[in-house]
Amino acid sequence: MRLLPYSTLCTLLGAAALISTSSFANVSDMKHPKDDIETNAQNHQKAPLAQVGVRPFYLLSKLDDPELKGRLEQCTNKPFYRTEFALGHRGASMQFPEHSKESYQAAIDSGAGIVECDVTFTADKQLVCRHSQCDLASTTNILANPTLANKCTSPFTPADPASGTPASATCCTSDITLAEFKSLCAKMDGNNPDATTVEEFMAGTPDWRTDLYASCATVMTHKESIEMFKKAGVKMVPELKEPSVTMPFDGYTQTDYAQQMLDEYTEAGVKPSQVFAQSFNLNDIKYWIANYPKFAKQAVFLDDRYDTDNLDPNDPSTWTPSMAELKDSGVEIIAPPLWVLVTLDDNNKIIPSAYAKAAKEAGLDIIAWSLERSGPLTTDHGGWYYQSISKAINNDGDTLKLLDVLAKDVGVRGVFSDWPATVVYYANCIGYSSKMATKEPTKAENLLGKDKPSN
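For the chain, the count of helices and strands is 19 helices and 19 strands. Summed over its atoms, the accessible surface of the chain is roughly 20000 Å², and 51% of this surface lies on carbon and sulfur atoms.

What follows is the structure, given as structure tokens:
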């Protein structure tokens, strides 16, 4: 065979390359999406890998929506990355004691880009991470320490079967000092109302959670959570909890409390852009708007009107103030429970509620809470968090159905979850990009989940 001259060969190869690049819109279109994921991993250097574990795959196995299931199944072998669409609710509290170092680390490892410390205060006015000021009897081992148990607002009282009185105990962070708080172990939230002993009372973990990782979890101060989250490179979503004691508390006012929480971020050198300060108290939000405008840009109003004013998500006359009035007052982000954002159409299909539509029309961003806090969805059709769509809920895979509607149809900015890996899996697979996202979806993610939700 006669060889071509080198110059001729180069000319032919160049022409072939020109034909190739002009014949295909993108050479990657010739490859399987999985190949794109593998070759584009370098594009995610700013977004750490996430370890989603087995739960998203379990939920996927139960999903009975063929179209959504097909889209999500294409991602089973892909890598997953941290996303701020996933907010760790009290950390990763489905499996780890809430607001513990271990729970926070599990949320970070599973890909939550934002992690929550609910903030309350001790007797010496130091800020600590607890969901409620007076939940220590259910979330720590305080009752096992006689010295500290005697300081509780209401010490342990055993159940009285004859009268039907349940066992009880009320132990508050404000009952003890910071040093005493730090001596506690966090445990899984729960108590046994039928208990006749302290040991029985403390052994009240719901059967759909686990005590495998709750031998003595580490309680956290607010400052410690800031340093942990800062080191991990995740953003922070502190909630200023409503005090259970009368304010002012020993001269400590609500304003002092609201100010102290944000001051601890400033003292730690954390930029306001890294913090999403929350409160159910609209006056707290307004205080931050007036006095901490940089933090207030992404302050989150946790909407409790569903509870206080019997809010009907499909009746605007029950919303006071209106969405437009909230926006005009300076509120930028609103966060209601899951059920407020959705309803059912005539075919029992999950759709956005009038509340959700009005919030978006007013220019409010929305964060939803809290996915995977209900236990098995086969029990009572999901319970409280699913009450507006209970007729459509019958298996655990419906978690993904709701998540899909929240992302694509409601257009939420982020979703709190007790097991944030589920939201991480979904966000990575669908290629969802929110205003809080740490990364834009890659070409591979868009190939895998072709439909991007609207914002």
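Turning our attention to helix H4 (residues 66-73). Think of an α-helix as 3.6 residues a turn; residues three or four steps apart then line up on the same face. By the burial criterion, the buried members of H4 are Leu-68, Arg-71 and Leu-72. The arc enclosing the buried residues of H4, seen along the axis, measures out at 95°, which places them on a common side.

The subject of this paragraph is the confidence of the model for the chain. In this model, the chain carries a mean pLDDT of 88, and residues with pLDDT of at least 70 account for 84%. pLDDT under 50 marks residues 1-45. Its contacts with residues more than four places away, or in other chains, come to 23 contacts. This model gives residues 434-455 a pLDDT under 50, and the stretch forms 72 contacts once residues within four places in sequence are excluded.

Turning next to the packing of aromatic side chains. According to the stated counting rule, one finds 20 aromatic pairs in the structure shown. With a centroid separation of 6.4 Å and an interplanar angle of 25°, the aromatic rings of Trp-369 and Trp-384 are classed as stacked. Linking Trp-369 in strand E18 (residues 365-371) with Trp-384 in the loop between E18 and helix H17 (398-410), this pair joins segments that are 15 residues apart in sequence. For Trp-384, a relative accessible area of 39% gives the class partly exposed. Connected via pairs of aromatic rings, a cluster forms that spans Phe-280, Tyr-306, Trp-339, Trp-369, Trp-384 and Tyr-385.

Take the environment of Val-119 next. With respect to the helices and strands, Val-119 occurs in strand E5 (residues 118-121). Classification of Val-119 as buried rests on a relative accessible area of 0%. Spatially, the C-alpha atom of Val-119 lies 6.7 Å from that of His-222, the residues being 103 residues apart in sequence. For Val-119, the residues in contact, after removing those within four places along its chain, are Leu-127, Val-128, Arg-130, His-222, Pro-238, Glu-239, Leu-240, Lys-241, Tyr-257 and Met-261.

Along the chain, Glu-98 falls in the loop between strand E3 (83-88) and helix H5 (101-109). We classify Glu-98 as buried; its relative accessible area is 3%. With 91 residues separating them in the primary sequence, Glu-98 and Asp-189 have C-alpha atoms 7.2 Å apart. Those residues within four positions of Glu-98 in sequence are excluded, and the remaining contacts are Arg-90, Ser-93, Ser-103, Arg-130, His-131, Asp-135, Thr-139, Asp-189 and Arg-373.

All told, the structure shown has 19 salt bridges when counted by the stated rule. Residue Asp-404 is joined to Arg-71 by a salt bridge in which the shortest nitrogen-to-oxygen separation is 3.6 Å. Note that Asp-404 is positioned in helix H17 and Arg-71 in helix H4, a separation of 333 residues in sequence. Considered together, Asp-404 and Arg-71 belong to a single accessibility category, that of buried residues. The closest approach of N and O atoms between Lys-235 and Glu-84, which form a salt bridge, is 3.3 Å. With Lys-235 in strand E11 (residues 235-236) and Glu-84 in strand E3, this pair connects stretches of sequence that are 151 residues apart.

Side-chain direction in a regular strand flips from residue to residue, so the side chains alternate between the two faces of the sheet. Burial of E18 is extensive: seven of the seven residues sit out of reach of the surface. In this sheet, E18 lies alongside strand E15 (residues 333-335) in parallel orientation, the contact comprising two bridges. Note that in E18 the partner of Ile-333 across the bridge is Asp-365. Bridge count for E18 against strand E19 (residues 414-417) is three bridges, and the pairing is parallel. Directly across from Ala-368, in E19, lies its bridge partner Val-415. Between E18 and its parallel partner E19, the chain crosses via H17, and the hand of that crossover is right-handed.

A few words now on the packing of H4 against H17. Packing of H4 against H17 brings their axes to within 11 Å, and their N-to-C directions diverge by 85°. When the axis of H4 is compared with that of H17, the two are roughly perpendicular. Note on element contacts: H17 touches H4 through Leu-400, Lys-401, Asp-404 and Lys-408, opposite Leu-68, Arg-71 and Leu-72. Class assignment for the residues of the contact of H4 with H17 results in three nonpolar, no polar and four charged.

Moving on, we come to the environment of Asp-304. Tracing the chain through its elements places Asp-304 in the loop between strand E14 (300-302) and helix H14 (305-308). On the basis of relative accessibility, which here comes to 23%, the residue Asp-304 falls in the partly exposed class. The spatial distance from the C-alpha of Asp-304 to the C-alpha of Phe-280 is 6.2 Å, given a sequence separation of 24 residues.

This part covers the nonpolar core. Core analysis: the biggest nonpolar cluster contains 109 residues, and Leu-72 and Trp-288 have the highest contact counts within it. For this core, the leading source of residues is helix H18 (residues 421-430), giving eight residues.

This next bit is on the pairing of E3. Across the six residues that make up E3, a large majority, six, are buried. Looking at chain direction, E3 and strand E4 (residues 112-115) are connected through three bridges and run parallel. Paired with Leu-87 across the bridge in E4 is Ile-114. Traced from E3 through H5 to E4, the parallel crossover comes out right-handed. Pairing geometry for E3 and E19, over three bridges, is parallel. Across the sheet, Leu-87 pairs through a bridge with Phe-416, a residue of E19.

What counts as what
- Residues numbered from 1 in each chain as written.
- Predicted model: local features only at pLDDT ≥ 70, side-chain atom pairs only at ≥ 80, totals over all residues.
- Heavy atoms only, no water.
- Helix = DSSP H or I, 4+ residues; strand = E, 2+ residues; numbered from the N terminus.
- Areas by Shrake-Rupley, 256 points an atom, 1.4 Å probe, with all protein chains shown as cover.
- Buried < 20%, exposed > 50% of the residue type's maximum accessible area, 1.4 Å probe, protein only.
- Arc of directions from axis to C-beta.
- pLDDT = per-residue confidence, 0-100.
- Contact = heavy atoms within 4.5 Å.
- Phe/Tyr/Trp six-rings, centres within 6.5 Å; stacked < 30°, edge-to-face > 60°.
- Salt bridge = Lys/Arg side-chain N within 4 Å of Asp/Glu carboxyl O.
- Pairing = 2+ DSSP bridges.
- Right-handed = clockwise from strand over helix to strand, strands pointing away.
- Axes fitted to C-alpha atoms, helices over the stretch in contact; angles between N-to-C directions.
- Parallel < 35°, antiparallel > 145°, perpendicular 65-115°, else oblique.
- Nonpolar A, V, L, I, M, F, W, Y, C, P; charged D, E, K, R; others polar.
- Core = buried A, V, L, I, M, F, W, Y, C linked by side-chain atoms within 4.5 Å.

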